[in-house]
Amino acid sequence: MKRISRIVLTSFLVLSLWVPLCARAADLPLLSSGYTEDGTYYEVYGEQSVQRGAVNYVTRQVVYSGDVIPPMKIEWKETISGKLCSGTLQLRRSTYDKKENKTIAVYEGYLYLE
């Protein structure tokens, strides 16, 4: 019985970590798009942030065209509640969707008022 409980718990934990990564970017608002320095097209998705002071914690999902190795960190700027904020976002996880030929990377970090 303990073994079955462990298997169920392990399966649940693996799925709970996997599901947010696989959440379709289309379910989140498109924040920006463009091309990397090497010409790879990308789109950035995430919840619209609300200014909560001088520092804001954000999560951004970047969808790269093709099978790419996403950078470990990105410098990010965006306007939150009409104020320009910037900071460095760290790569938390990434996966390659072979069917869609897209790399999905999740970045998190703090944005500071400029």
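Quick summary incoming for the structure in this document.

Each value, and the rule that gives it
Residues numbered from 1 in each chain as written. Predicted model: local features only at pLDDT ≥ 70, side-chain atom pairs only at ≥ 80, totals over all residues. Heavy atoms only, no water. Helix = DSSP H or I, 4+ residues; strand = E, 2+ residues; numbered from the N terminus. Buried < 20%, exposed > 50% of the residue type's maximum accessible area, 1.4 Å probe, protein only. Contact = heavy atoms within 4.5 Å. Patch = residues over 30% accessible without salt bridge, like charges linked within 9 Å, V, L, I, M, F, W, Y side chains within 5 Å. Areas by Shrake-Rupley, 256 points an atom, 1.4 Å probe, with all protein chains shown as cover. Salt bridge = Lys/Arg side-chain N within 4 Å of Asp/Glu carboxyl O. Pairing = 2+ DSSP bridges. Axes fitted to C-alpha atoms, helices over the stretch in contact; angles between N-to-C directions.

We now examine the environment of Gly46. Secondary-structure assignment places Gly46 in the loop between strand E2 (41-45) and strand E3 (55-65). For Gly46, a relative accessible area of 2% translates into the label buried. Note: C-alpha distance between Gly46 and Val106 (60 residues apart in sequence) is 9.8 Å. For Gly46, the residues in contact, after removing those within four places along its chain, are Leu28, Pro29, Leu31, Thr59 and Arg60.

The grouping of Val55, Tyr57, Tyr110 and Tyr112 at the surface amounts to a nonpolar patch, some 400 Å² of accessible area in total. Assessed through its relative accessible area of 43%, Tyr57 is described here as partly exposed.

What follows deals with the pairing of E2. Pairing geometry for strand E1 (residues 30-35) and E2, over five bridges, is antiparallel. If you follow Gly34 over to E2, its bridge partner there is Tyr42. Between E1 and E2, which pair antiparallel in sequence order, lie five residues; one of them, Gly39, sits at a positive phi of approximately 90°. Here four bridges tie E2 to E3, and the two strands are oriented antiparallel to one another. Opposite Tyr45, over in E3, you have Gln61 as the bridge partner.

Attention now goes to the sheet that holds strand E6 (residues 102-113). Overall, antiparallel pairing links the six strands, which are arranged E1-E2-E3-E6-E5-E4 in an open sheet. Two strands lie at the open edges of the sheet, namely E1 and strand E4 (73-80), each paired on one side alone. Between one strand axis and the next, the sheet turns through 30° on average, direction left out of account.

Turning next to unusual backbone geometry. If you check the backbone angles, Ser81 has positive phi at about 50° while not being a glycine. Mapping Ser81 onto the fold places it in the loop between E4 and strand E5 (83-97). Residue Ser81 is classed as partly exposed on the basis of its relative accessible area, which comes to 48%. At Asn101, a position not held by glycine, the phi torsion is positive, near 55°. With respect to the helices and strands, the residue Asn101 is situated in the loop between E5 and E6.

Glancing now at the pattern of salt bridges. Within this structure, the stated rule accounts for three salt bridges. One salt bridge in this structure joins Arg60 and Glu78, with 2.9 Å as the shortest N-O distance. Here Glu78 lies in strand E4 and Arg60 lies in strand E3, a separation of 18 residues in the sequence. An identical accessibility class is assigned to Arg60 and Glu78; each is buried. The closest approach of N and O atoms between Glu114 and Lys77, which form a salt bridge, is 3.7 Å. Note that Glu114 is positioned in the segment after E6 and Lys77 in strand E4, a separation of 37 residues in sequence. For the residue pair Glu114 and Lys77, the accessibility class agrees, reading exposed in each case.

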